[in-house]
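# What the coordinates show
Next come the chains, spelled out residue by residue.
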Amino acid sequence: MRPPQAFSDRIRSEQTLYFPPGQHPDRATHCTAPLFVARRRAKQEGFELIEGSCFWAEPSGPTMQSSYESMRDEILDQLRAAMPVDGVLLGLHGAMVAYGYDDCEGDIIARVREIAGEKAVIGVELDPHCHLTEKRVRGADIVILYKEYPHTDFAERAEELVTLVVKAIRGDIRPVSSVYDCGMIDVFPTSREPGRAFVEKMKKLEGRDGVLSVSLGHGFTQGDVPEQGTRVLVITDNAKTRGDALARELGVEIREKRGVWYPPYLSYDDAITAAYAEPKGPVVVADPTDNAGGGAASDNTNIIRRLLERGMTDAAVGPLWDPVAVEFCHAAGVGETIPLRFGGKTAPSSGMPIDAEATVIGLVKDGKQSFGTAKVKFGDGAGIRVGGVEVALIAHRTQALGTEIFSAVGIDLAAKRYVGVKSTNHFHAAYAPIATKVLYCDGEGPSPLDARKYPFTKARRSIWPHAELPEGRIIV
Ligand SMILES: [Zn+2]
């Protein structure tokens, strides 16, 4: 179950990220890297860049149709006003679903093509957790996905996108896409093997034998759309047969290693036992099942409750999304101990709220955490101590990316035995360096790792792990 659409998606976006033309900061954020990179390259290379609006929101349920259309049309109107153009750069996530639109990005790309014309070169950067649909690959000229998960390479991939789009505009290359559907869906961290080696392999293949770009579309396990699944995209310089063969070869490797890309995970009770069995902390334990980035509410209390029941000390857990509890803590002030109800609010899958005497140990207004070069808002925050457990409460729903989630609210991670983070793998970039060990657990939150547990109505059930592995095939 996902958080309800309690207020307009447009407001939800604006609270997270909304930059009208010209107001984008001079720093790349997760999905706006093409704008940031093109701004610098335009100055260096002497082309004219006309900027459009940027929107981004934390995943949850489907976007309201009117919200999607108003954001899309704002961008399309800007493009109409900018015409004629030689090319269009789009930084899109790739897993947006709105009421009436299963493929929002395919819809945007098709409408951009209508306005920009057949000759314009359309370049798109996508998150690998996208639905790499036929419509969007056919609609664009060049699609490049981040290779890393955690997504630390959004700016590097945007550089490549701008380079290839400029070359295509100048007629120096003729990009042709090949897409292989792996007939499966899986989760592919690149902070461990075999994902790490696969990224290096993709990079080595680029820039020779006519191969311009290689991407792996992981797919978005939580997206209930017909084309959900893992796909390989190869772009060649007008060498379709070679591109098809390479996409197939890479896709076969993905298929052969299905089920081993994501690390083994423990029950949350076993993860607590395993973490405290380590001679030295902090052991970082990720709970991917309550990851806001996967659409979860991030207010599940199972692990905090179990740590308290077992009398564990030197533990920290976060982020826990609870704007009301954050407000109470701010009203109380640092050092005060108050009776506080926190967490467990949005759905049965959140567990029950915890009622406790909580000591406020730190407060922050308009908190931000680091993710690569990006600063991601988590709103007001409060650190509380209940028994031996410290909890980072946040007002603006997001997953654990940077350690500021804790440090900004007075929680010292270096002194902990157990650090619980709500995240699937983005946490790894900032938290692995401070951890003596990293574990993954099933916190029994609303976003299970097992794709078979989702009550999907549109996603294909003919792919692995829903069914036996079907034949893979070239679809573009
Ligand atoms: Zn992603």
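The paragraphs below set out a description of the structure included in this document. (Residues numbered from 1 in each chain as written. Predicted model: local features only at pLDDT ≥ 70, side-chain atom pairs only at ≥ 80, totals over all residues. Heavy atoms only, no water.)

## Considerations on the sheet that holds strand S5 (residues 142–145)
This is how the line gets drawn: Here, a strand pair is defined by DSSP locating no fewer than two bridges between the strands. Labels follow the DSSP assignment, with helices taken as runs of H or I lasting at least four residues and strands as runs of E lasting at least two, numbered in each case from the N terminus. Working convention: axes come from line fits to C-alpha atoms, limited for helices to the stretch in contact. Angles between N-to-C directions cover 0 to 180 degrees. Contacts between residues were defined by any pair of non-hydrogen atoms, one from each residue, lying within 4.5 Å.
Strand order in the open sheet made by the three strands is S3-S4-S5, with parallel pairing throughout. At either margin of the open sheet sits one strand with a lone partner, and together these are strand S3 (87–91) and S5. Going from strand to strand, the sheet's axes swing by 15 degrees on average, the running direction of each strand aside. Sheet analysis places S3 next to strand S4 (residues 121–126), joined by five bridges and oriented parallel. Bridging from a neighbouring strand, Gly-87 pairs with Val-121 of S4. Set on the sheet, helix H4 (residues 104–116) makes contact with S3 and S4; between it and S3 the angle comes to about 165 degrees.

## Some words on unusual backbone geometry
Convention followed: Only protein chains enter the accessibility calculation, which uses a 1.4 Å probe; a residue is then buried when its area is under 20% of its type maximum, exposed when over 50%, and partly exposed in between.
For the bond from Glu-193 to Pro-194, the omega torsion is 5 degrees, close enough to zero to count as cis. Note on placement: Pro-194 falls in the loop between strand S6 (175–181) and helix H7 (195–205). The omega angle of the peptide bond from Gly-318 to Pro-319 is -10 degrees, so this bond is cis rather than trans. As for its position among the elements, Pro-319 is in strand S11 (residues 315–321). At Asn-238, a residue that is not glycine, the phi angle is positive and equals roughly 55 degrees. On the secondary structure map, Asn-238 appears in the loop between strand S8 (231–237) and helix H8 (240–256). Using a relative accessible area of 45% as the deciding quantity, one classes Asn-238 as partly exposed.

## Description of the pairing of strand S12 (residues 337–342)
Burial of S12 is one-sided: the residues Ile-338, Leu-340 and Phe-342 facing one way are buried, the residues Thr-337, Pro-339 and Arg-341 facing the other way are not. The sheet contact formed by S12 and strand S13 (residues 354–371) spans six bridges and is antiparallel. Paired with Pro-339 across the bridge in S13 is Glu-357.

## A word on the sheet that holds strand S9 (residues 266–267)
The strand order across the open sheet formed by nine strands is S9-S17-S10-S16-S11-S15-S14-S13-S12, and the pairing between neighbours is mixed. Edge positions in the open sheet fall to S9 and S12, since each of these has one partner strand only. With four bridges joining them, strand S10 (residues 283–286) and strand S16 (residues 418–421) adopt parallel strand pairing. Along S16, the bridge assignment pairs Ala-286 with Val-421. Packing against the sheet, helix H11 (residues 323–332) makes contact with S11, S12, S13, strand S14 (374–386) and strand S15 (389–394), and its axis sits at approximately 170 degrees to S12.

## Considering the packing of aromatic side chains
Rule in force here: The rule is short: rings of Phe, Tyr and Trp, with Trp giving its six-membered ring, pair when the centres are within 6.5 Å, and they are stacked under 30 degrees, edge-to-face over 60, tilted in between.
According to the stated counting rule, one finds 12 aromatic pairs in the structure shown. Residues Tyr-262 and Tyr-265 carry aromatic rings whose centres are separated by 6.5 Å and whose planes lie at 65 degrees to one another, so their mutual orientation is edge-to-face. Tyr-265 sits in the partly exposed class, given a relative accessible area of 37%. Look at Phe-406 and Tyr-431: their rings are 6.2 Å apart centre to centre, the planes differ by 80 degrees, and that puts the pair in the edge-to-face class.

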